[in-house]
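Structural characterization, general
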Amino acid sequence: MADRKFTPEDMERYFNDPEYRHAHMSFAKKYFSFKKVLVYTTVFVLIILAAWYSIYIVDGLPTLEELENPRPELATKVYSIDDEVLDQFAYKNRTRISLDEIPPGLIQGLIATEDKQFYNHWGVNLSRFMRQMIINIVTFRQAGASTITQQLSRNLYKLQGRRESMFDKITRKIREFITSVQIERNFTKKEILELYLNVSFFGKNAYGIESAAQTYLGKRSNDLTPPEYTLFIGMLKGPNYYDPILHSDRAYARRNIVIDEMVEEKIFTREEAEKFRTDSLEFKTSDEEFRSGIAPHFVEWVRRQLQKKAETYGFNIYRDGLRIYTSLDSRMQRHAISAVENHLHTFQAAFDSTWDWKERPDILTDVINRAVRDDESYRKSRNAYERDSIRAYLLGNQAFIDSVKKGAQTIEIGFVVIDPHTGQIKAMIGGRNYRTFKYGLNHVTQIQRQPGSAFKPFVYTVALDNGYPVCYEMLNQPVTIPMPDGTRWAPENFEQDIGGKYTLREGLKYSKNLIAVRVILEIAPPKQVSEYARRMGITSRVPAYESLALGSIEVTPLDLTSAFGVFANEGVLASPVSILRIEDKDGNAIEINSTHNKEALSKETAYLMTDLLKGVVNGGTGTRVRSYFNGPCAGKTGTTNDYADAWFVGFTPQLAAGVWVGFDEPRIRLGSYHGQGGRAAAPIFGQFMQKTYEDPEISLPLQYFSQPEGIITDTICVDSKKKAREWCPNKTTEIFNAKYPLQLCDKHTSPDWSREEKNEDARKNSKINW
């Protein structure tokens, strides 16, 4: 037929006879029909679509590495030294737990409710899967028939999107199918169950059964009872819908279904089931749920250190499930909170009764303007018109103005406790906002304020190290000092008294400014004082000026407290440390931090200074400590000009603690003698030490400061303040550094000292006439 030749007659008939032409066209129809072309084209397009869809499905599957080594995001936990969880860092609140630690009934109930054929299938229950796909396609609704392994694949590899179309749902189910089979090939049934219970979502940002138990009930998952774990099993179907706090009726109804399933599987008896159904649970309150931990400023300080370390070690604190073991003692932290609250409750009320904003409109204007600029809506405004509108609204809002006033006149606190022998930080309160803290200012590590008289111990330390005895006398006389800027500085005592003499011991005990200034002018040069301050742990700039004697520099409470710890630790500086150990999720050590010690003073000088500072709390400016704590301790008060800052830094043989009290707005002052360090700060130290040493759980033994061999006790003449002779009428004992022998009394040199003294006076008073 293909080789047939047409004659001219055939050609003419073909074009003129329709029937003849139609008969011969059947050949073309047979080989080139439209339907066949359509079929071939459709098949080709379907092959292309199938290839594309296969690639699309495969592209959304987890990689081989992800399948063999799944890494669910785990919360990093921060622990206290007494093994209490202080806080955590996480995008998702998830804590890993072994299947062996989970109650067996919980696992049985999970299988009975979610996947009865769990031990019999290879990742997918094929009959249930096909039924599910048909329902999805025909009814356009989702049918819940996923196995535990399929649910794990969805949760572990984030296969489910937030808003899924029917195409997305079908695609996801296919991916779940493939992934589930791969999971079953790579893991045992026990490992699958453990992974499932560690990654499942339970609402309130709780991922995994351990986090759920902590979030809702405040307990470990291995302590869950049947009424509790059946509730959590029920929540897996819809954590938000079956939230037991917001929707308790739904949650308990769902729990009853789980209990019924467990009865059917003969896990519970009917009697047990009836008892469990009637058991109502007590959940953590919203205050407990959203409240910060007991040491938020400390935890935030730890977080910032970890972020720097992350660059070195390559970990992610929000995903890698690290364990951070810190130095903080939760028991001491609670005592610190109690001491601060007890003292500042009454102290704040006393200040509020005296402060009047009408007398300081300049400060109020600045404070309000700053608050407006810091307002979130103002900062997010897009143009000047919006900013002006928001500003006008805020300035006209009395509630806003009142809140700004209250915040500005809130007395702030920086309180830190350190073990002076190890440098370990045992307690830290970085501000009054520790209960609602959200990355606010840490008044222990982030502020620098003048320490006032709390800096005087550094000046006296230099004097003692230079060989001057504690009984060395200085004149309590006015002095005028030219300053670098051309002005003249004339310091005064707080009481504005002058005259007489004070020993170094007395000058420090009563915090006499003129004595401290004369010490730095005569026996403890400013340059040397600056060097000693840095050697003892002050990291801020310490210019070598005479005004150092009265604490004119700025320091952080952490530095000053650490430096005072040198006295308690026999002259050795133990640098502050907060992070003791960092472990990965498997318990392998990433970093271990030990104590960094450096000798700053001799044991003898440290002990002499400790003895001088004991006098401050035993009759000097820090006596209010003794209203609360009677154990061995020493310390120094500090007050800056116009009562802007109040300090007390002290120590016992085992602990050093520093207290700063003041305001974020430095122009707001405590305003009267109540703002002295002895009144505003020292009571916090005393209350804390009392509570800590009386706590049987902490069990700190009563210790005394150890006197080194180089310290000797000798008898001195009360009048000359030198080593007593047998003829000295008034004697007392004093301690000295054996390295620097004391001179003999030059006043009572013989039994006839009284007559000799009178003759000497007469010679001085006699007049010579020429």
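Residues numbered from 1 in each chain as written. Predicted model: local features only at pLDDT ≥ 70, side-chain atom pairs only at ≥ 80, totals over all residues. Heavy atoms only, no water.

1. As for the overall build of the protein
Each helix and strand counted, the protein has 29 helices and 20 strands in total. Relative to its full complement of 770 residues, the protein shows a buried share of 49%. (Helix = DSSP H or I, 4+ residues; strand = E, 2+ residues; numbered from the N terminus. Buried < 20%, exposed > 50% of the residue type's maximum accessible area, 1.4 Å probe, protein only.)

2. A word on the pattern of salt bridges
For the coordinates displayed, the defined rule picks out 36 salt bridges. Measuring nitrogen to oxygen at the nearest pair gives 2.6 Å for the salt bridge that ties Glu-84 to Arg-334. Residue Glu-84 is located in the loop between β1 (76-79) and β2 (85-89), and its partner Arg-334 is located in helix α16 (residues 330-352); the two are separated by 250 residues in the primary sequence. In this structure Arg-334 comes out as partly exposed when scored by relative accessible area, which is 38%. The partner of Asp-243 in a salt bridge is Lys-204, and the shortest N-O contact between them spans 3.4 Å. With Asp-243 in the loop between α11 (226-235) and α12 (248-264) and Lys-204 in the loop between α9 (189-199) and β4 (206-207), this residue pair connects regions lying 39 residues apart in the sequence. With a relative accessible area of 4%, Asp-243 lands in the buried category. Ionic contacts of the salt-bridge type, sharing partners, join the residues Asp-366, Arg-370, Glu-665 and Arg-667 into one network. (Salt bridge = Lys/Arg side-chain N within 4 Å of Asp/Glu carboxyl O.)

3. So, the sheet that holds strand β7 (residues 425-429)
Across the sheet, which stays open at both edges, the five strands sit in the order β7-β6-β18-β17-β16 with antiparallel pairing between neighbours. Two strands bound the open sheet, and with one partner strand each, they are β7 and β16 (634-639). For this sheet the average axis-to-axis angle between neighbouring strands, irrespective of direction, equals 5°. Together, β6 (412-418), β7, β16, β17 (646-651) and β18 (656-662) form the strand contacts of helix α25 (residues 557-568), whose direction differs from that of β17 by roughly 30°. (Pairing = 2+ DSSP bridges. Axes fitted to C-alpha atoms, helices over the stretch in contact; angles between N-to-C directions. Contact = heavy atoms within 4.5 Å.)

4. Topic: the packing of aromatic side chains
Tallying each qualifying case throughout the model produces 20 aromatic pairs. With a centroid separation of 5.9 Å and 90° between ring planes, the pair formed by Phe-202 and Phe-232 is classed as edge-to-face. Note that Phe-202 is positioned in the loop between α9 and β4 and Phe-232 in helix α11, a separation of 30 residues in sequence. A residue is classified by how much of its surface remains accessible, and Phe-202, at 1% relative accessible area, is buried. Between Phe-351 and Phe-663, the ring centres sit 4.9 Å apart and the planes meet at 40°, which makes this aromatic pair tilted. Of the two residues, Phe-351 is situated in helix α16 and Phe-663 in the loop between β18 and α27 (677-680); the sequence distance between them amounts to 312 residues. (Phe/Tyr/Trp six-rings, centres within 6.5 Å; stacked < 30°, edge-to-face > 60°.)

5. Brief notes about the side chain of Ser-200
With respect to the helices, strands and loops of the structure, Ser-200 is situated in the loop between α9 and β4. A distance of 2.7 Å separates a polar side-chain atom of Ser-200 from the backbone oxygen of Tyr-196. (Polar contact = N/O pair within 3.5 Å; in protein donor to acceptor, adjacent residues only side chain to side chain.)

6. Looking at the side chain of Ser-530
With respect to the element layout, Ser-530 can be found in helix α24 (residues 526-535). The residues contacting Ser-530, other than those within four sequence positions of it, are Val-542, Ala-544 and Leu-548.

7. Side note on helix α28 (residues 682-694)
A rise of 1.5 Å per residue sets the reference length of α28, with its 13 residues, at 18 Å; its end C-alpha atoms lie 18 Å apart and thus fit the reference within 8%. Taking burial as the measure, the 13 residues of α28 include ten buried ones, the bulk of the element. Along α28, the positions that sit buried rather than exposed are Ala-682, Pro-683, Ile-684, Phe-685, Gly-686, Gln-687, Phe-688, Met-689, Thr-692 and Tyr-693. (Expected span 1.5 Å × (residues − 1).)

8. Quick notes on the packing of helix α5 (residues 104-114) against α9
Two packed helices can be described by the angle between their axes and the distance between those axes. At a closest axis distance of 12 Å, the pairing of α5 and α9 adopts a crossing angle of 90°. The pairing of α5 with α9 is recorded here as roughly perpendicular in orientation. Of the residues in α9, those in contact with Leu-106, Ile-107, Leu-110, Ile-111 and Glu-114 of α5 are Leu-193, Tyr-196 and Leu-197. For the contact of α5 with α9, a count of residues per class yields seven nonpolar, no polar and one charged. (Parallel < 35°, antiparallel > 145°, perpendicular 65-115°, else oblique. Nonpolar A, V, L, I, M, F, W, Y, C, P; charged D, E, K, R; others polar.)

9. Some remarks on the pairing of β1
With burial as the criterion, each face of β1 is covered, one bearing Thr-76 and Val-78 and the other bearing Lys-77 and Tyr-79. The pairing of β1 with β2 spans four bridges and is antiparallel. If you follow Tyr-79 over to β2, its bridge partner there is Val-85. As consecutive antiparallel partners, β1 and β2 are separated by five residues, and within that stretch Asp-83 has a phi angle of approximately 70°, a positive value.

10. Considering α5
Taken across its eleven residues, α5 has nine buried, putting it largely inside the fold. Restricting attention to buried positions, one finds in α5 the residues Gly-105, Leu-106, Ile-107, Gly-109, Leu-110, Ile-111, Ala-112, Thr-113 and Glu-114.

11. Regarding the nonpolar core
A general feature of soluble globular proteins is that nonpolar side chains tend to end up buried together. Residues Phe-298, Leu-306, Ile-413, Phe-415 and Phe-688 are the most contacted members of the largest nonpolar core, which totals 76 residues. A total of eight residues in this core trace back to one element, the largest contributor, which is α16. With 59 residues, the next largest nonpolar core counts Val-462, Leu-514, Leu-573 and Tyr-607 among its residues. (Core = buried A, V, L, I, M, F, W, Y, C linked by side-chain atoms within 4.5 Å.)

12. Description of the pairing of β16
Taken across its six residues, β16 has five buried, putting it largely inside the fold. Looking at chain direction, β16 and β17 are connected through six bridges and run antiparallel. Note that in β17 the partner of Gly-635 across the bridge is Gly-650. Counted along the chain from β16 to the antiparallel partner β17, the turn is six residues long, and its residue Asp-642 has a positive phi close to 60°.

13. Digging into empty space enclosed by the protein
Overall, the coordinates contain one cavity of 30 Å³ or more when judged by the stated rule. One number sums up the size of the largest cavity: a volume of about 30 Å³. Lining the largest cavity are Ile-418, Pro-420, Thr-561, Ser-562, Gly-565, Ala-574 and Ala-656. For the lining of the largest cavity, the leading source of residues is α25, giving three residues. In terms of residue class, the lining of the largest cavity is made up of four nonpolar, three polar and no charged. (1 Å grid on protein atoms, 1.4 Å probe; cavity = no way out; pocket = protein on both sides within 12 Å on 5 of 7 lines; lining within 4 Å. Points joined across faces, edges and corners; volume = space filled by probe spheres on them.)

14. Thoughts on the confidence of the model for the protein
Looking at the protein as a whole, the pLDDT averages 87, with 87% of positions reaching at least 70. This model gives residues 286-291 a pLDDT under 50, and the stretch forms two contacts once residues within four places in sequence are excluded. (pLDDT = per-residue confidence, 0-100.)

15. Considering the sheet that holds strand β13 (residues 579-583)
Spatial strand order, β2-β1-β5-β13-β14: five strands in an open sheet with mixed pairing. With one partner strand each, in any of the chains shown, β2 and β14 (589-592) form the two edges of the open sheet. Across the sheet, the axes of successive neighbouring strands diverge by a mean angle of 15°, strand direction being ignored. Across three bridges, β1 lies against strand β5 (residues 323-326) in parallel orientation. Across the sheet, the residue bridging to Tyr-79 is Tyr-325, located in β5.

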